[in-house]
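# Understanding the architecture of this molecule
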Amino acid sequence: MRTFVLMMTVCLVTSLMLLPHAFARELSNYELLERITKLEDQLAEQSDKSTPESLLGSWAERITLSGLIEAEAGYEKIDFDDPAQDDDDSSDITLATVELGVDVAITKYVGGSVLLLWEEGEGKVDVDEAFILLDGEDDLPMFLRAGKIYLPFGDFSSNMISDPLTLELGEISESALEIGFEDAGFYGSVYIFNGDIDEEGKDSHIDNFGAKLGYTLEQNDFTMDAGVCYINNLIDSDGWGDTFEEMVADAGDNGDTLELRDYVDGFGAHIVIGVAGFTLIGEYVGAMDDPEYLVNGVKTTGDAISTWNTEVGYTFEAAGKEITVGLAYQGSDDAAEFLPESRYLGVVSSGIMEYTTLSLEYLHDKYENDDEVDVITAQLAIEF
């Protein structure tokens, strides 16, 4: 009996010693299962976060990329009116234009845009445009743009490869502040900026301004866009401004001084009509006054330069491809050798593949001094 009690006591003590280990093993297994479950959830969550959409979040839907690449092959012949000057001809293949744009919609009312531009011969990438946009959307049909922009002066619509003469005279890229509206087909804006060309004796200030007003209409197969614009110094345009600065530099090389006495007002008007596949374009851009200069302090009057563009284009489908043919007559007055007195153009372009266009253009220029230029250009372009 004593032996039996002793054996039972030993068994009981042994059981009590092993019992905590048994419960501890069951608790560890439960915790392990719980931890594995949590780990699987964490891995799944991290996997979701590693996708591009989750990394960018809603920004993926707010950013838009766009671009343009133009490669050109051309032949040019220059026939000088002066018999003592030899005629010239040349040909080349160039990567004419590369553009990359980024548009971002930060909120419903706030956005921004950046456009980078590289052109053959420039040798560097420029910030062509970069601005902040505040837009009232449907709540208020008004907007504000601030930054480097192409001023809303001129329209410059064209089916041609070459820029119209109206653009060569009137295009202006500046850092500016613009306030405008669009409502019920009407649109317009006013803007202020500090131009590169200042009046004689004046300091550099925000004293340049302009305005644009227009109307658009879309009705069945008929579209129309007509408008007018004004700027208080057309000589500040990219084309005329560069020419004036070259004149100033040449005067300085000769020991003379050349200054702009007063700003030269500029005016533009355009109409673009689309009907049954046809596009009709008419535009005028010109100075409203004769420019006045000071040469060595003496007042001299120049000529008010003006340009125009008339164009007709027709778009149709053939063999499943969209084809556009166009003819244009352009001209200028009192531009001397800055711009041709007359320009004739013809173009044929086709969308050979999606986002891909092949174009062929013929251009003939005649200047006031009777020099003539003929240019044939083939262009392959992709736009996305």
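Quick look at the structure, then.

Time to look at the overall build of the protein chain. The number of helices and strands found in the protein chain is four helices and 19 strands. A burial count over the protein chain gives 32% of its 384 residues as buried. In the protein chain, the proportion of contacts linking residues at least 24 apart, taken out of those at least 6 apart, comes to 55%. Accessible surface computed for the protein chain: about 23,000 Å², of which carbon and sulfur atoms make up 58%.

Turning to the side chain of glutamate 292, a few remarks are in order. As for its placement among the helices and strands, glutamate 292 is situated in strand S13 (residues 292–295). Looking at glutamate 292, its side chain comes within polar contact range of the side chain of arginine 261, at 2.7 Å. Side-chain polar atoms of glutamate 292 contact the side chain of lysine 299, separated by 3.4 Å. What glutamate 292 contacts, discounting residues up to four positions off in sequence, is Glu259, Leu260, Arg261, Asp262, Lys299, Thr300 and Thr301.

A few words on the pattern of salt bridges. On inspection of all chains with the given rule, the structure shows nine salt bridges. Between lysine 124 and aspartate 126 there is a salt bridge whose closest N-O contact spans 4.0 Å. For aspartate 126, a relative accessible area of 29% gives the class partly exposed. Among the salt bridges present, the one from arginine 261 reaches aspartate 262, with a minimum N-O distance of 3.1 Å. Judged by its relative accessible area of 34%, arginine 261 falls in the partly exposed class. Residues participating in the shared-partner salt-bridge network are Arg261, Asp262, Glu292 and Lys299.

Attention now goes to the sheet that holds strand S14 (residues 298–301). Strand order in the open sheet formed by three strands is S10-S13-S14, with antiparallel pairing between adjacent strands. The two strands at the open ends of the sheet, each matched to only one other strand, are strand S10 (258–260) and S14. Direction aside, the axes of adjacent strands within the sheet are offset by 35° on average. Note that S13 and S14 share four bridges and pair antiparallel. Residue pairing across strands places tyrosine 293 opposite threonine 300, the latter belonging to S14. Docked against the sheet, helix H4 (residues 238–253) engages S10 and S13, running at close to 145° with respect to S10.

The next point concerns the nonpolar core. Core analysis: the biggest nonpolar cluster contains 31 residues, and Leu151, Ile231, Ile235 and Trp240 have the highest contact counts within it. Of all elements in the fold, only helix H3 (165–170), strand S7 (186–193), strand S9 (222–231), H4, S10 and strand S12 (278–287) reach the threshold of two or more residues within this core. Not counting the four nearest positions on each side in its chain, isoleucine 231 is found in contact with Leu151, Phe153, Ile172, Tyr191, Phe193, Phe209, Gly210, Val264, Asp265 and Gly266. Ile78, Leu345, Val347 and Leu363 belong to the second largest nonpolar core, which has ten residues in total.

Attention now goes to the environment of threonine 97. As for its position among the elements, threonine 97 is in strand S2 (residues 88–105). Along the chain, threonine 97 and alanine 71 lie 26 residues apart, while their C-alpha atoms are 7.2 Å from each other.

On to the pairing of strand S19 (residues 372–383), then. As paired elements, strand S1 (residues 63–79) and S19 share twelve bridges and run antiparallel to each other. Across the sheet, aspartate 79 pairs through a bridge with glutamate 372, a residue of S19. Taking the residues that link successive antiparallel strands as the turn, the strand S18 (residues 356–366)-S19 hairpin has five residues, and the phi of aspartate 370 there is positive, at about 75°.

Over its 16 residues, H4 extends 23 Å from the first C-alpha to the last, a length consistent with the 22 Å expected when each residue adds 1.5 Å. Just downstream of H4 lies glycine 255, where phi reads positive at about 80°.

Applying the stated criterion across every chain, the model contains seven aromatic pairs. Geometrically, the ring pair formed by phenylalanine 209 and tyrosine 230 is tilted, given 6.3 Å between the ring centres and 45° between the ring planes. One end of the pair, phenylalanine 209, is in strand S8 (residues 208–219); the other, tyrosine 230, is in strand S9, with 21 residues separating them in the sequence. Exposure remark for phenylalanine 209: the relative accessible area of 40% places this residue in the partly exposed category. An aromatic cluster of at least three residues, connected via ring pairs, comprises Phe278, Tyr314 and Phe316. The residue whose ring lies beneath arginine 145 is phenylalanine 131, and the NZ or CZ to ring-centre distance is 5.0 Å.

This part takes up the pairing of S13. The side chains of a regular strand alternate between both faces of the sheet. Both S10 and S13 contribute to a ladder of three bridges, which runs antiparallel. Residue pairing in the sheet places leucine 258 in a bridge with valine 295 of S13. What sits between the antiparallel neighbours S13 and S14 is a turn of two residues, in which asparagine 296 has the positive phi angle 55°.

The backbone phi angle of alanine 184 is positive, close to 55°, even though this residue is not glycine. Inspection of the secondary structure puts alanine 184 in the loop between strand S6 (173–183) and S7. Alanine 184 gets classed as exposed once you look at its relative accessible area, which sits at 66%. A positive phi angle, near 50°, is found at alanine 336, a position not held by glycine. Within the element layout of this structure, alanine 336 appears in the loop between strand S16 (321–333) and strand S17 (342–353). Assessed through its relative accessible area of 42%, alanine 336 is described here as partly exposed.

About the cut-offs
- Residues numbered from 1 in each chain as written.
- Predicted model: local features only at pLDDT ≥ 70, side-chain atom pairs only at ≥ 80, totals over all residues.
- Heavy atoms only, no water.
- Helix = DSSP H or I, 4+ residues; strand = E, 2+ residues; numbered from the N terminus.
- Buried < 20%, exposed > 50% of the residue type's maximum accessible area, 1.4 Å probe, protein only.
- Contact = heavy atoms within 4.5 Å.
- Areas by Shrake-Rupley, 256 points an atom, 1.4 Å probe, with all protein chains shown as cover.
- Polar contact = N/O pair within 3.5 Å; in protein donor to acceptor, adjacent residues only side chain to side chain.
- Salt bridge = Lys/Arg side-chain N within 4 Å of Asp/Glu carboxyl O.
- Pairing = 2+ DSSP bridges.
- Axes fitted to C-alpha atoms, helices over the stretch in contact; angles between N-to-C directions.
- Core = buried A, V, L, I, M, F, W, Y, C linked by side-chain atoms within 4.5 Å.
- Expected span 1.5 Å × (residues − 1).
- Phe/Tyr/Trp six-rings, centres within 6.5 Å; stacked < 30°, edge-to-face > 60°.
- Lys NZ or Arg CZ within 6 Å of the ring centre and 35° of its normal.

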